[in-house]
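Below are the chains, spelled out letter by letter.
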Amino acid sequence: MSFAVVILAAGKGTRMKSARPKVLHPLLGRPLVEYAARAAQQAGAERVVVVVGHGAEAVRPVLEPLGVRTALQAEQLGTAHALASARAALQGWDGPVVVTMGDAPLVSATTLRGLAEALPAGGGMAMLTFEPADPAQYGRVLRDEKGDVARVVEYKDAAPGERAVREVNAGVYAFDANVWDFLEEVDRDNAAGEYYLPDLIGVYQKHGLPVRAFKADDPTELLAVNDRVQLAAVERVLLERLRVRWMREGVRMVMPETVYLEPDVELAPDVTLEPGVMLRGRTRIGEGAVVGAYSLLTDSELAPGAEVRPHSVLEGARLGPGAVAGPFARLRPGAVLEAGAFVGNFVEVKKSRLGPGVKAGHLAYLGDAEVGAETNVGAGTITANYDGAKKHPTIIGSRAFIGSNSVLIAPVRIGAEATVAAGSAINTDVPEGALAIARGRQRNIEGWAERKRRASNSQESGTRIEGETT
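Computed from a predicted model, the values in this text were never measured in an experiment.

### Details of the overall build of the protein chain
Then, number 1: When helices and strands are tallied, the protein chain shows nine helices and 39 strands.
Then, number 2: Its C-alpha atoms give the protein chain a radius of gyration of 33 Å, more than 25% over the compact-globule value 23 Å for 470 residues.
Then, number 3: Along the three orthogonal principal directions, the C-alpha set of the protein chain runs to about 115 × 55 × 40 Å.
Then, number 4: Counting over 470 residues, the protein chain shows a buried share of 47%.
Then, number 5: Across the protein chain, contacts joining residues at least 24 apart in sequence account for 39% of those joining residues at least 6 apart.
Then, number 6: Within the structure as shown, the protein chain displays about 22,500 Å² of accessible surface, and the carbon and sulfur contribution to it stands at 50%.
Then, number 7: Here the protein chain holds 53 positive side-chain charges and 57 negative ones, and the gap between their average locations is 7 Å.

This is how it looks when you write it as structure tokens:
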């Protein structure tokens, strides 16, 4: 079935108490409105138009990469007025139109398509309904003897028997091509002085066209976001769906209620996620890999059997098979640990490739570096890659040994199987197999402690010891 989708996303969202447009608030790493746009596309909509208004200059750039059109509602005069604002963007379209909300991220593609297919064959409209656990103040949907919608009555206007009805209006609709003409018959004779989409029910009925109700199977789909409390509630639903999905795919989550992950994350069977793990962006984790407690991974990739130990932070990093990072490691964009490489506590790696079997156990910084296979990097080693204006590379050959507390001042090359003595500051290339020592020669001064004590005492007494210097 061919249909278009219009997403209403022009409101300011004052209850969010934020300068940011409501539909741009992040929900598991994506802007709120992106969920509605993706659902429309997945439902098979031939055209998707998002009606923008408040903060349009910020909302449009977010939507453009998704390939959807936008329409401007310059003045917010109600939901029917918002739909009318989309007409120009749908020029040439004469098929059904589904209208959904940019702040209802849980409405699924299946539901949108089902609503479109519920349209009466001979013309009319359909509305999405649901039965919440607590209908509260929702408008009640009253059906006629045929099962079609007779009317929607607001709670405050409903009689006791009508209030007992549990089916309520979700605010999502499907219309036939008559909608554009019928919108002109909607008035703003109400307290707010706005044009409302539910008024189209009466317009369609006046023209003898039926109004069908399509009940959603899952009431949680209709959770909308009007404030930050509701945003958190929706996020909990999405998180639980993701956790359940991946656990059913063979992922082990220790205390799953503490694990945070985003929709674009991909996990293989037998992955283990320990408590407090956060997986963001396009993170990919291979079979049997382990992510330790309270680690944060963003846009990173772990090959099968890799391990991230607790309290580590990875961003744009890649670990090969059997590689290990952490605990308390930081891998910045461009960090690559090849098979079996290991970086330990308080090691930071940026834009560097560590070859197979490389070890940097603790307290090191490796930036803009290439480190050959089986090299050992001692504690306190740093690659001094920045001269205040440019970054420079450090190249270290295979099976080299970099002693503790060494500074490799880039650009510099350390040859294969070379050794850098601990405490050295290296600023010239080291040949293959050579030992490089770049530190001051040790000098021991006998009796220094006693001379220092005597000098201190003499200064306190105001005298000077003959032959002594300070």
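Moving on from the coordinates now.
### Section: the pattern of salt bridges
Then, number 1: Enumeration over the complete set of coordinates arrives at 19 salt bridges.
Then, number 2: A salt bridge links Asp 218 to Arg 241; the nearest nitrogen and oxygen atoms lie 3.6 Å apart. A residue pair is termed long-range when its members are at least 10 positions apart, and Asp 218 in the loop between β11 (211–215) and α8 (228–248) and Arg 241 in helix α8 qualify at 23 residues.
Then, number 3: Here Arg 241 falls in the partly exposed class, since its relative accessible area comes to 35%.
Then, number 4: We note a salt bridge from Glu 240 to Arg 243, for which the minimum N-O separation is 3.5 Å. Taken together, the residues span about one helical turn, with Glu 240 and Arg 243 both in helix α8 at a distance of three residues.
Then, number 5: Each of Arg 30, Glu 34, Arg 38 and Asp 264 takes part in one network of salt bridges that share partners.

### Examining the nonpolar core
Soluble globular proteins: nonpolar side chains tend toward being buried together.
Then, number 1: Counting 74 residues, the largest nonpolar core has Val 6, Ile 7, Leu 83, Phe 175, Leu 197, Leu 200 and Tyr 204 as its most contacted members.
Then, number 2: Take this core: its biggest share by element is six residues, from strand β1 (residues 4–9).
Then, number 3: Sequence-distant contacts of Leu 197, defined by excluding residues within four places in its chain, comprise Leu 8, Thr 79, Ala 80, Leu 83, Val 99, Tyr 173 and Phe 175.

### Observations concerning the packing of aromatic side chains
Then, number 1: In the structure shown here, the tally under the stated rule is five aromatic pairs.
Then, number 2: Relative to Tyr 138, the ring of Phe 130 has its centre 5.4 Å away and its plane inclined at 85°; by these criteria the two rings are edge-to-face.
Then, number 3: By relative accessible area, Tyr 138 is classed as partly exposed at 35%.
Then, number 4: By the ring-pair criterion, three or more aromatic residues cluster together here, those being Tyr 173, Phe 175, Phe 182 and Tyr 204.
Then, number 5: When the ring centre of Tyr 35 is taken as reference, the NZ or CZ atom of Arg 30 above it lies at 5.7 Å.

### What about α8?
Since the α-helix advances by 3.6 residues per turn, residues separated by three or four positions end up pointing in the same direction.
Then, number 1: Given a rise of 1.5 Å per residue, 21 residues ought to cover 30 Å, and the 30 Å separating the end C-alpha atoms of α8 matches this to within 8%.
Then, number 2: All buried positions along α8 are accounted for by Leu 231, Val 234, Leu 238, Leu 239, Leu 242, Arg 243 and Trp 246.
Then, number 3: Capping the start of α8, Asp 227 holds a side-chain oxygen 3.1 Å from the backbone nitrogen of Val 229, two or three residues further along.
Then, number 4: The first or second residue beyond α8 is Gly 250, which carries a positive phi of 105°.

Criteria and cut-off values
Just so you know, the residues in each chain are numbered from 1, in the order the chain's sequence is written. Per-residue local features of the predicted model are confined to residues with pLDDT of at least 70, and side-chain atom pairs are confined, for both listing and counting, to 80 or more; whole-chain, interface and lining totals are unaffected and use all residues. The side-chain figures draw on all heavy atoms in the structure; neither hydrogens nor water molecules are used. Here a helix means four or more residues in a row that DSSP labels H or I, a strand means two or more in a row labelled E, and each is numbered from the N terminus. Each radius of gyration reported is based on C-alpha atoms, and the globular scaling rule is 2.2 Å times the count of residues to the power 0.38. Each residue's exposure class comes from its accessible area (1.4 Å probe, protein chains only) as a fraction of the maximum for that residue type: buried when under 20%, exposed when over 50%, partly exposed otherwise. Throughout, a residue-residue contact means that at least one pair of heavy atoms, one from each residue, lies within 4.5 Å. The method behind every accessible area is Shrake-Rupley, applied with a 1.4 Å probe, and residues are considered shielded solely by the protein chains displayed. As used throughout, the charge tally considers Lys and Arg to be positive and Asp and Glu to be negative, leaving His and the chain termini uncounted. Where a charge lies is defined by one atom per residue type: Lys uses NZ, Arg uses CZ, Asp uses CG and Glu uses CD. Whenever Lys or Arg places a side-chain nitrogen within 4 Å of a carboxyl oxygen from Asp or Glu, that contact is recorded as a salt bridge. Definition used in this section: a nonpolar core is a set of buried Ala, Val, Leu, Ile, Met, Phe, Trp, Tyr and Cys residues joined via side-chain atoms within 4.5 Å. When the centres of two rings from Phe, Tyr and Trp lie within 6.5 Å, Trp using its six-membered ring, the rings pair. Their planes under 30 degrees apart give stacked, over 60 give edge-to-face, and anything left gives tilted. Either the NZ atom of lysine or the CZ atom of arginine qualifies as a charge over a ring when it sits within 6 Å of the ring centre and within 35 degrees of the ring normal. Expected helix span is given by 1.5 Å per residue-to-residue step, counting one fewer step than there are residues. For the purposes of these results, a polar contact is taken to be a pair of N or O atoms within 3.5 Å, where, inside protein, one atom must be able to donate a hydrogen and its partner to accept one; residues adjacent in sequence count only when each atom of the pair is a side-chain atom.

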